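Structural characterization, general
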Amino acid sequence: MFAIVEIAGLQYKVEQNQKLFVNRLQGEAGTKLSFDKVLLAVNDATTIGAPAVSGVKVEAEILDHLKADKVIVFKKKRRKGYKVKNGHRQALTRIQITGISGL
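Calculation rules
- Residues numbered from 1 in each chain as written.
- Predicted model: local features only at pLDDT ≥ 70, side-chain atom pairs only at ≥ 80, totals over all residues.
- Heavy atoms only, no water.
- Helix = DSSP H or I, 4+ residues; strand = E, 2+ residues; numbered from the N terminus.
- Rg over C-alpha atoms; globule rule 2.2 N^0.38 Å.
- Pairing = 2+ DSSP bridges.
- Contact = heavy atoms within 4.5 Å.
- Phe/Tyr/Trp six-rings, centres within 6.5 Å; stacked < 30°, edge-to-face > 60°.
- Lys NZ or Arg CZ within 6 Å of the ring centre and 35° of its normal.
- Core = buried A, V, L, I, M, F, W, Y, C linked by side-chain atoms within 4.5 Å.
- Buried < 20%, exposed > 50% of the residue type's maximum accessible area, 1.4 Å probe, protein only.
- Axes fitted to C-alpha atoms, helices over the stretch in contact; angles between N-to-C directions.

Glancing now at the overall build of the protein chain. When you go through the protein chain residue by residue, the secondary structure sums to zero helices and 10 strands. N-terminal to C-terminal, the α/β element order of the protein chain is β-β-β-β-β-β-β-β-β-β. Its C-alpha atoms give the protein chain a radius of gyration of 19 Å, more than 25% over the compact-globule value 13 Å for 103 residues. For the C-alpha atoms alone, the extent of the protein chain along its principal axes is close to 60 × 30 × 20 Å.

This brings us to the pairing of strand β2 (residues 10-15). As judged from the six bridges shared by strand β1 (residues 2-7) and β2, these two strands associate in the antiparallel manner. Within β2, the residue paired with Ile-7 across the bridge is Leu-10. Hairpin remark: β1 followed by β2, antiparallel, with two residues in the connecting loop; positive phi at Ala-8, about 55°.

Counting through the fold element by element, Thr-93 comes out in strand β10 (residues 91-101). Once residues within four sequence positions are removed from consideration, Thr-93 is found in contact with Leu-20, Phe-21, Val-22, Asn-23, Arg-24, Leu-25, Ile-62, Asp-64 and His-65.

We describe a pair of aromatic rings using the distance from one ring centre to the other and the angle between the two ring planes. What the rule picks out here adds up to zero aromatic pairs. Above the ring of Phe-2, the side-chain terminus of Lys-13 is found at 4.4 Å from the ring centroid. Above the ring of Tyr-82, the side-chain terminus of Lys-77 is found at 5.9 Å from the ring centroid.

So, about the nonpolar core. Core analysis: the biggest nonpolar cluster contains 20 residues, and Ile-7, Val-14, Phe-35, Val-58 and Ile-95 have the highest contact counts within it. The set of elements that each furnish at least two residues to this core consists of β1, β2, β3 (19-23), β4 (32-35), β5 (38-42), β7 (57-67) and β10. Sequence-distant contacts of Ile-95, that is, excluding residues within four places in its chain, are made with Ile-7, Gln-18, Lys-19, Leu-20, Val-22, Leu-25, Phe-35, Ala-60, Glu-61, Ile-62 and Leu-63.

Moving on: the environment of Gly-30. Structurally, the position occupied by Gly-30 is in the loop between β3 and β4. Residue Gly-30 is classed as partly exposed on the basis of its relative accessible area, which comes to 38%. Along the chain, Gly-30 and Val-42 lie 12 residues apart, while their C-alpha atoms are 27 Å from each other. In this structure Gly-30 touches Glu-61 and Ile-62, once residues within four positions along its chain are discounted.

What follows deals with the sheet that holds strand β6 (residues 46-48). An order of β2-β1-β5-β6 is seen for the four strands of this open sheet, with the pairing classed as antiparallel. The open sheet has two edge strands, β2 and β6, and neither has a second partner. Adjacent strand axes in the sheet meet at a mean angle of 20°, parallel and antiparallel pairs treated alike. The pairing of β5 with β6 spans three bridges and is classified as antiparallel. What sits directly across from Val-42, in β6, is Thr-46.

Encoded structure:
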């Protein structure tokens, strides 16, 4: 059994007891979350939403907040003496899917 759910503007394929990284969510570690924008639910039969499946929720728990690895952004224009180096670390939240209810 799995579902495709929209979390923080992105779509994820989730299953029971799965751990995944999503963009930073509000809440402390241990907070229970519920996502009701389920786009597709597959149990014995496939249910496709238009745009979301009604009555199906994905329950999750926040494990911790962290930052991703650093991504280096380097820009250069040849023969002009223009060089810029920047770094970026995305703020992430690690969550665990505790259940898919309403199927």
